[in-house]
Amino acid sequence: MEIIITKNYEEVSKKAADIYKEHMEKQPQTVLGFATGSTPLGMYEWLIKYHEAGLDFSKVTTFNLDEYIGLAGDHPASYRYFMEEHLFGKVNVPKGSIHVPNGMAENPDEECQAYEERIRKAGGIDLQVLGIGINGHIGFNEPGTPFNTLTHVAELTESTREANARFFSSMDEVPTHAISMGIKSIMHARRIILLANGEHKAEAVAAAVKGPITPELPASVLQLHPNVQFIIDEAAGRLL
Ligand code: F6R
């Protein structure tokens, strides 16, 4: 595990985008893992700028970490919509190469298995970006999720629902379940970068980096991954 501490969020975002850009230039036909939430927004802005300057997404296949159950792709709080708004609608990834779990699937468990199979058939994820929850979650793998979980239906904790309530008009509208790539699916990625900024992430980051490796702090599993970098700002690195 490599820890890169930068001055601020802007530098976290630029560094992360540069890693994606260099990877794509070296390997244009690649499988990229994407995340939603506030953290990767700056990175996506940079990737759009790089695309405008020539970075090509035409041979890329993408997989997103998660999606709320019960929200269709045209719901403004769905992760599919988020990705269209902040990245996919602004770069040239072929629509058919974009994968986000289907939150409206009639049988969510079957959708989970099918999603896992799609990742496998694509050859696995080459480069995955992650954020981290204040409780140490990655994807929607909340504390207590066993490390051997593949893509599955996850129940959101109250703290995660509260943290995400800002995207909905009331707490009642925040979904209670999501489809999420599992810890094991994430660990299969060949390279992982985890981004974090702000004081409120400092405890989770410190526990992930220095704490015991335990399902109670899901991101701590990354200590076992052979190719992972934490790219964090000074505030998020305050306890390291
Ligand atoms: C989103 C995801 C989540 C977020 C995490 C941090 O696809 O998988 O694990 O990365 O909740 O969210 P932000 O970035 O909003 O602090």
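This report concerns the structure included in the present document.

Comments concerning the overall build of the protein
No. 1: In terms of helices and strands, the protein carries 7 helices and 10 strands.
No. 2: Computed over the C-alpha atoms, the radius of gyration of the protein is 17 Å, within 12% of the 18 Å expected from 2.2 N^0.38 for a compact globule of 240 residues.
No. 3: Dimensions of the protein, computed from the C-alpha atoms along their principal axes, are close to 40 × 40 × 35 Å.
No. 4: Buried residues in the protein amount to 55% of all 240 residues.
No. 5: Contacts in the protein between residues at least 24 apart in sequence constitute 79% of all its contacts with a sequence separation of at least 6.
No. 6: Surface accessibility of the protein: about 10,500 Å² in total, with carbon and sulfur atoms responsible for 50%.
No. 7: Separation between the mean location of the 21 positive side-chain charges and that of the 32 negative ones in the protein comes to 8 Å.

Here's the deal with the sheet that holds strand 6 (residues 127-130)
Hydrogen bonds between backbone atoms are what pair the strands of a sheet, whose relative direction is either parallel or antiparallel.
No. 1: Strand order in the open sheet formed by 7 strands is 1-10-9-6-2-3-5, with parallel pairing between adjacent strands. Single-partner strands in this sheet number two, and they are strand 1 (2-6) and strand 5 (98-99).
No. 2: Pairing geometry for strand 1 and strand 10 (residues 228-233), over 5 bridges, is parallel. In the sheet register, Glu2 faces strand 10, and the bridge partner there is Gln229.
No. 3: Sheet contacts for helix 4 (residues 108-121): strand 3 (61-64) and strand 5; angle to strand 3, the most-contacted strand, approximately 150°.
No. 4: Contacting strand 1, strand 9 (191-196) and strand 10, helix 7 (residues 202-210) runs over the sheet at an angle of about 155° to strand 10.

A word on the layout of surface pockets
No. 1: Estimated volume of the largest pocket: approximately 640 Å³.
No. 2: Along its surface, the largest pocket is lined by 32 residues, and Thr36, Gly37, Ser38, Asn164 and Arg166 are the ones closest to its centre.
No. 3: Of all the secondary structure elements, the ones that give two or more residues to the lining of the largest pocket are strand 4 (66-68), helix 3 (79-86) and helix 5 (158-164).
No. 4: Top element by residues in the lining of the largest pocket is helix 5. It accounts for 4 residues.
No. 5: Residues that form the lining of the largest pocket fall into these classes: 14 nonpolar, 15 polar and 3 charged.

Here's the deal with the site of the ligand
No. 1: Within the structure, the ligand sits among 14 residues, and Thr39, Asp66, His137, Gly139 and Lys201 are positioned closest to it.
No. 2: Within the contact set of the ligand, an oxygen atom lies 2.8 Å away from a side-chain nitrogen or oxygen of Asp66.
No. 3: Between Lys201 and the ligand, the recorded distance is 2.7 Å, taken from a side-chain N or O atom to an oxygen atom.
No. 4: For the ligand, whose unbound accessible area comes to 410 Å², protein coverage reaches 92%.
No. 5: When atom positions are compared with the pocket grids, the ligand is found to occupy the largest pocket.

A look at the pattern of salt bridges
No. 1: Counted according to the given criterion, the structure contains 9 salt bridges.
No. 2: For Lys21, the salt bridge is made with Glu25, and the minimal N-O distance between the two is 3.4 Å. Taken together, the residues Lys21 and Glu25, both in helix 1 (residues 9-26) and 4 residues apart, mark about one turn of the helix.
No. 3: For the salt bridge of Glu158 with Arg161, the shortest nitrogen-to-oxygen distance reads 3.2 Å. Highlighted residues: Glu158 and Arg161, both in helix 5, separated by 3 residues, approximately one helical turn.
No. 4: For Glu158, a relative accessible area of 45% puts it in the partly exposed group.

With respect to a nonpolar patch on the surface
No. 1: On the surface, Met1, Ile3, Ile5 and Leu240 cluster together to form a nonpolar patch covering roughly 320 Å² of accessible area.
No. 2: Looking at the element boundaries, Leu240 is found in the segment after strand 10.

Rules used throughout
Residues numbered from 1 in each chain as written. Predicted model: local features only at pLDDT ≥ 70, side-chain atom pairs only at ≥ 80, totals over all residues. Heavy atoms only, no water. Helix = DSSP H or I, 4+ residues; strand = E, 2+ residues; numbered from the N terminus. Rg over C-alpha atoms; globule rule 2.2 N^0.38 Å. Buried < 20%, exposed > 50% of the residue type's maximum accessible area, 1.4 Å probe, protein only. Contact = heavy atoms within 4.5 Å. Areas by Shrake-Rupley, 256 points an atom, 1.4 Å probe, with all protein chains shown as cover. Lys, Arg positive; Asp, Glu negative; His and termini not counted. Charge placed at Lys NZ, Arg CZ, Asp CG, Glu CD. Pairing = 2+ DSSP bridges. Axes fitted to C-alpha atoms, helices over the stretch in contact; angles between N-to-C directions. 1 Å grid on protein atoms, 1.4 Å probe; cavity = no way out; pocket = protein on both sides within 12 Å on 5 of 7 lines; lining within 4 Å. Points joined across faces, edges and corners; volume = space filled by probe spheres on them. Nonpolar A, V, L, I, M, F, W, Y, C, P; charged D, E, K, R; others polar. Near = heavy atom within 4 Å. Polar contact = N/O pair within 3.5 Å; in protein donor to acceptor, adjacent residues only side chain to side chain. Sits in = over half its atoms within 2 Å of the grid points. Salt bridge = Lys/Arg side-chain N within 4 Å of Asp/Glu carboxyl O. Patch = residues over 30% accessible without salt bridge, like charges linked within 9 Å, V, L, I, M, F, W, Y side chains within 5 Å.

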